[in-house]
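Chains, contacts and geometry: an overview
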Amino acid sequence: LTKENSLTEKGGMINGIGDPPPNQHDAMTGSDAQGRLQTPIARIPPGAPAGAPPPAPPANMTCNNWTSSGPGGVMVGHIDRKGGGAAATSWNASHAGAGCSQENLVSTGGNGYFYCFATN
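Predicted, not measured: the structure shown is a model, and the values here were computed from it.

Section: the state of the cysteines
Structurally, a disulfide amounts to a covalent bond that connects the sulfur atoms of two cysteines. With the rule as written, the count across this model stands at one disulfide. Each sulfur of the disulfide joining Cys63 and Cys100 lies 2.1 Å from the other. Between Cys63 and Cys100, the S-S torsion sits near -100°, and that sign places the bridge as left-handed. Of this pair, Cys63 sits in helix 1 (residues 63–66) while Cys100 is found in the loop between strand 3 (95–96) and helix 2 (102–107), placing the two residues 37 residues apart along the sequence. Judged on exposure class, the residue Cys63 and its partner Cys100 are both buried. We note that Cys116 lacks a disulfide partner, and the nearest cysteine sulfur, in Cys63, lies 17 Å from it. Of the residues examined, Cys116 reaches a relative accessible area of 74% and is grouped as exposed.

Section: the sheet that holds strand 3
The strand order 3-2-1-4 describes an open sheet built from four strands, whose pairing is mixed. Each of the sheet's edge strands pairs with one partner strand only, and the pair in question is strand 3 and strand 4 (110–114). In the sheet, strand 2 (residues 75–78) pairs with strand 3 via two bridges, with the strands oriented antiparallel. Its bridge partner lying in strand 3, Met75 is registered against Ala96.

A word on the pairing of strand 2
Side-chain alternation along strand 2 places Met75 and Gly77 on one buried face and Val76 and His78 on a second face that is also buried. Two elements, strand 1 (residues 26–28) and strand 2, share three bridges in a ladder whose sense is antiparallel. Of the residues in strand 2, the one forming a bridge with Ala27 is Gly77.

Parameters at a glance
- Within each chain, residues carry numbers counting from 1 in the order of the written sequence.
- Residue-level local features of this predicted model are given only where pLDDT is at least 70; pairs of side-chain atoms are given and counted only at 80 or more, and the full residue set underlies all totals for whole chains, interfaces and linings.
- Excluding hydrogens and water, the side-chain values take into account all heavy atoms of the structure.
- Two cysteine sulfurs form what is called a disulfide whenever their separation falls within 2.5 Å.
- Helix numbers and strand numbers start at the N terminus; a helix is a DSSP run of H or I with at least 4 residues, a strand a run of E with at least 2.
- Each residue is assigned to one of three classes by its accessible area relative to the maximum for its type, calculated with a 1.4 Å probe on protein chains only: buried under 20%, partly exposed between the two thresholds, exposed over 50%.
- At least two DSSP bridges between two strands are needed for those strands to be called paired.

This is the structure:
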């Protein structure tokens, strides 16, 4: 998957790295690099003191089976295959998101997008 074929539900391109703001390239997947369910991982919050113990991991990385719009964990991929994170060029497992609320998703470069696959 690439930026050119990862479009909105209306066929529009999604802003990514190098495009005019806002960057919205994070797509929620909940999966690891092999496409399996991501094991929960703790996300160290920005500005955390050096040497501070990491927070407890969330219960899952799927925003509680895609039902939470608040606290929770989520794994995201990069629609444009650019940016930061442990696997910056991965379309399905770039990094953990900040949480499941719209505010959290926007804070790390997302908008609440999912990948949706279809065939003719």
